Amino acid sequence: MSSPLSQAFKPRLSRPEWLASPKVVRTEVLAGLVVALALIPEAISFSIIAGVDPEIGLFASFTMAVVISVVGGRKAMISAATGAVALVIAPLNHEYGFGYLVAAVILAGVFQVILGALGIARLMRFVPRSVMVGFVNALAVLIFMAQVPEMHDVPWAVYPLIAAGLALMVFFPKVTRVIPAPLVSIVILTVITVGAGIAVPDVGDKGELPSSLPVPSLPDVPFTLDTLTTIAPYALAMALVGLMESLMTAKLVDDITDTRSGKTRESIGQGIANIVTGFFGGMGGCAMIGQTMINVKVSGARTRLSTFLAGTFLIILVVVFGPVVSDIPMAALVAVMIMVSVGTFDWHSIRPRTLKRMPVGETVVMVITVACVVTTHNLAIGVVVGTIAAMIIFAKRVAHLAHVSGVVDPEGKQVVYSVTGELFFASSNDLVYQFDYKDDPDDVVIDLSGTHIWDASSVAALDAIETKYAQRGKKVTIVGLNPPSADMRRRLAGQLTGGH
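Novice: What's the story with the overall build of the protein chain in this structure? I'm lost.
Specialist: Looking only at helices and strands, the protein chain has 20 helices and six strands in total. Once the C-alpha set of the protein chain is aligned to its principal axes, its extents read approximately 100 × 50 × 50 Å. Scored against the burial criterion, the 500 residues of the protein chain give a buried share of 50%. The contacts in the protein chain between residues at least 6 apart in sequence include a share of 84% that link residues at least 24 apart. Accessible area of the protein chain: about 23,600 Å², with a carbon and sulfur share of 65%. Side-chain charges in the protein chain split into 35 positive and 35 negative, and the spacing between the mean points of these groups amounts to 10 Å.

Written out as structure tokens, the structure is:
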């Protein structure tokens, strides 16, 4: 039997799709260029969030895009440095230093490869929509909160520049969408500040940009158990967040292109890309929803070539035009990230009409997810807590779906109880109390043809019912079990109560 790993990377000797026609090649090349241009400001901004030099985010975007274009499972999806990953690893960098960040990125990649090989992609089906909405909204809130320090205790000129950047990104797309509005905003604000000699914080104040390609190296940390225990929680959080965001983005692209992606291969590919990125001194990353939409929905890309070229064009632009990038005012990047935050937030989810129609439990789960993320600054914790809350609410809701109705025959010698609904730990707890043990006839039939036994708790409940009737000298016959339920009851009946 083949493993998920071998299935994910099964060799396919076929001609690359981008060689189908010159038109496809042109579409993929232009899409890659547009994405590369749009990636530059965001990669730098995410570097600032993580507390590292701009080159770290740019290197990560380069290596993530190039590697995932080869090993990823979703064609045309863009992976690079992201705000989600930056938010997770920023505390580690601030407290322990850059070497520990790089080590965490590599370990996160290892975790992702292991989780991918174990089939974690299949678990995404258990993440409810309300948790996903809360995840997206929390990410938007954290991205905005990360911009607040850049607007505190700065020259007054920063504020009109931010306002101008926001206005450009709102209105420029009404003129044309050929060039990304964030890039236009950054170029115009840079020209204004440099040309007018306006003294405001710029990218150069955050650190030097690369003048050469990244080279592989080992992280500058002691290779000890203490180091491992320090980075492991951050690495696991990064691995989970990266996989969740990547798999959600992959599903979105699947829906847009009407094609299926290899979720297991994508999970493993994300790990490989992060391992490579870590050894090249990058901050790690995952799939980018915004840039993927530019590539797939706006530019029409459908193959791996666009993803590969996005990373290639990015490093060329940065290395060749590094001095120009250093003059970009921070106000321009703050404006970009505010727009990313606004665009990421699911405003439909908090409209009064939506809240009125949405079940209260769904809204509660969304709020819990957002609150946990914003409080802990950890997206993974929020998703886990939100999913657990959703499961509890669901269990409570369906616990009342098991119904019991009894009919006594005309002669009063037999009663037939019909049980409908699902029997599991929550619903079976009340099952025991829905029978009239004292006044029922001596012959009791329990028809379970309208239900299914899911767990040992339900078998134990049936044992308890039989025991209560037996204590009164009455006989119970259980009928209608489907094969799986009958098999579970055969194996567990009488083994769970210790004979009491």
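Novice: Sorry, what's going on with the environment of methionine 238 here?
Specialist: With respect to the helices and strands, the residue methionine 238 is situated in helix α9 (residues 225-257). For the pair methionine 238 and arginine 351, spaced 113 residues apart in the sequence, the C-alpha separation amounts to 31 Å. Setting aside chain neighbours within four positions, we find methionine 238 in contact with Val85, Val88, Ile89, Val105, Ala108, Gln112, Asn274, Met283, Gly284 and Gly285.

Novice: I would appreciate a short explanation of the side chain of serine 246 in the present structure.
Specialist: The residue serine 246 is located in helix α9 in this model. A residue is classified by how much of its surface remains accessible, and serine 246, at 1% relative accessible area, is buried. Here glycine 242 takes part through its backbone oxygen, which lies 2.7 Å from a polar atom of the side chain of serine 246. Those residues in contact with serine 246 that lie beyond four places of it in its chain are Met77, Gln270, Cys286 and Ala287.

Novice: How should I be thinking about the nonpolar core in this particular structure?
Specialist: Counting residues in hydrophobic clusters, the biggest one holds 82 residues, and the most contacted among them are Met283 and Leu314. Residue contacts for leucine 314: discarding those within four places in its chain leaves Ala36, Leu39, Ile40, Leu58, Ser61 and Phe62. Ranked by size, the runner-up nonpolar core spans 22 residues in total, among them Leu423, Val444, Tyr469 and Met488.

Novice: I would appreciate a short explanation of the packing of aromatic side chains in the present structure.
Specialist: Given two aromatic rings, one states the distance between the centres and the angle between the planes to describe the pair. Inspection of every chain in the model, using the stated rule, returns seven aromatic pairs. Ring geometry for tyrosine 417 against phenylalanine 435: centres 4.6 Å apart, planes inclined by 65°, an arrangement best described as edge-to-face. Placement of tyrosine 417 in strand β4 (residues 414-423) and of phenylalanine 435 in the loop between α18 (425-431) and β5 (443-453) is noted, with a sequence separation of 18 residues between them. Joined through ring pairs, the aromatic side chains of Tyr417, Phe435, Tyr437 and Tyr469 make up one cluster. If you follow lysine 468 out to its NZ or CZ, it ends over the ring of tyrosine 437, 5.9 Å from the centre.

Novice: I tried to follow the pattern of salt bridges on my own but got confused; where do I start?
Specialist: Any two side chains of opposite charge can pair, given that their charged atoms come close. Evaluation of the coordinates by the stated rule reveals six salt bridges. Between arginine 491 and aspartate 487 there is a salt bridge whose closest N-O contact spans 3.1 Å. With a gap of four residues between them, arginine 491 and aspartate 487 both fall in helix α20 (residues 483-492), about one helical turn apart. Taking relative accessible area as the criterion, arginine 491 reaches 45% and is therefore assigned partly exposed. Residue aspartate 487 is classed as partly exposed on the basis of its relative accessible area, which comes to 32%.

Novice: What exactly am I supposed to notice about the environment of valine 298 here?
Specialist: Within the element layout of this structure, valine 298 appears in helix α11 (residues 289-298). Residues valine 298 and isoleucine 388, 90 residues apart in the sequence, show an inter-C-alpha distance of 37 Å. Valine 298 has contacts with Arg177 and Met293, leaving out every residue within four places of it along the chain.

Novice: Would you mind showing me how to read the packing of helix α2 (residues 22-50) against α11 here?
Specialist: Any two packed helices are characterised by the angle at which their axes cross and by the distance between the axes. In contact at an axis separation of 9 Å, α2 and α11 are set at 160° when each is read in the N-to-C sense. Taken as axis vectors, α2 and α11 run roughly antiparallel relative to one another. Seen along the crossing, α2 lies across α11 with a hand that is right-handed. Two secondary-structure elements touch here, α2 through Ala31, Gly32, Val34, Val35, Ala38, Leu39 and Glu42 and α11 through Gln291, Ile294 and Asn295. Taken together, the residues that form the contact of α2 with α11 break down as six nonpolar, three polar and one charged.

Novice: I keep staring at a positive patch on the surface and nothing clicks. Help me out?
Specialist: A cluster of like positive charges, contributed by Arg351, Arg353, Lys356 and Arg357, occupies part of the molecular surface. In this structure, lysine 356 sits in helix α15 (residues 352-357). Lysine 356 sits in the exposed class, given a relative accessible area of 75%.

Novice: Is there a simple way to explain the sheet that holds strand β6 (residues 475-479) in this structure?
Specialist: Strand pairing in a sheet relies on backbone hydrogen bonds. The paired strands run either parallel or antiparallel. One open sheet holds the four strands; their spatial order is β3-β4-β5-β6, and the pairing between them is mixed. For this open sheet the edge positions go to β3 (403-408) and β6, each flanked by a neighbour on one side alone. Within the sheet, the average angular offset between the axes of one strand and its neighbour, ignoring direction, is 20°. The sheet contact formed by β3 and β4 spans six bridges and is antiparallel. Bridging across to β4, glycine 406 finds its partner in tyrosine 417. Sheet strands in contact with helix α19 (residues 456-470) are β4, β5 and β6, and its direction is about 175° off that of β5.

Thresholds applied
- For every chain, the first residue of the written sequence is number 1, and numbering continues from 1 along that sequence.
- Local features in this predicted model are restricted to residues of pLDDT 70 or higher, and side-chain atom pairs are both shown and tallied only at a pLDDT of 80 or more, whereas totals for entire chains, interfaces and linings draw on every residue.
- Here the side-chain values reflect all heavy atoms present in the structure, with hydrogen atoms and water set aside.
- Elements are defined by DSSP. Helices are runs of H or I of four residues or more, strands are runs of E of two residues or more, and each kind is numbered from the N terminus.
- For the exposure calls, accessible area comes from a 1.4 Å probe over protein chains only, and a residue counts as buried if that area is under 20% of its type's maximum, exposed if over 50%, partly exposed in between.
- The contact criterion used is simple: two residues touch if any of their non-hydrogen atoms lie within 4.5 Å.
- All accessible areas in this document rest on Shrake-Rupley with a 1.4 Å probe, and a residue is counted as covered only by the protein chains that are shown.
- Here the positive residues are Lys and Arg and the negative ones are Asp and Glu; neither His nor the chain ends is included.
- Lys charges are placed at NZ, Arg charges at CZ, Asp charges at CG and Glu charges at CD.
- Polar contacts, as counted here, are pairs of nitrogen or oxygen atoms within 3.5 Å of one another; within protein the pair requires one atom able to donate a hydrogen and one able to accept it, and residues that are adjacent in sequence qualify only if both atoms are side-chain atoms.
- What makes a nonpolar core is a set of buried Ala, Val, Leu, Ile, Met, Phe, Trp, Tyr and Cys residues whose side-chain atoms join them at distances within 4.5 Å.
- Pairing of aromatic rings covers Phe, Tyr and Trp, the last through its six-membered ring, and needs centres within 6.5 Å; plane angles under 30 degrees mean stacked, over 60 mean edge-to-face, and all others mean tilted.
- By definition here, charges over rings are those cases where NZ of Lys or CZ of Arg is within 6 Å of the ring centre and within 35 degrees of the ring normal.
- For salt bridges, the criterion is a side-chain nitrogen of Lys or Arg within 4 Å of an Asp or Glu carboxyl oxygen.
- Only C-alpha atoms enter the line fits that serve as axes; for helices the fit covers just the stretch in contact. Angles between N-to-C directions range over 0 to 180 degrees.
- Should an angle fall under 35 degrees it is taken as roughly parallel, and over 145 as roughly antiparallel, whereas 65 to 115 is taken as roughly perpendicular and any remaining angle as oblique.
- Left-handed describes a crossing whose near helix is turned anticlockwise from the far helix by less than a right angle; the clockwise case is right-handed.
- Gly falls in the polar group here, along with every residue not listed as nonpolar (Ala, Val, Leu, Ile, Met, Phe, Trp, Tyr, Cys, Pro) or charged (Asp, Glu, Lys, Arg).
- Residues enter patches when their relative accessible area tops 30% and they take part in no salt bridge; the joining distance is 9 Å for like charges and 5 Å for the nonpolar side chains Val, Leu, Ile, Met, Phe, Trp and Tyr.
- Between any two strands, pairing holds if DSSP finds at least two bridges.

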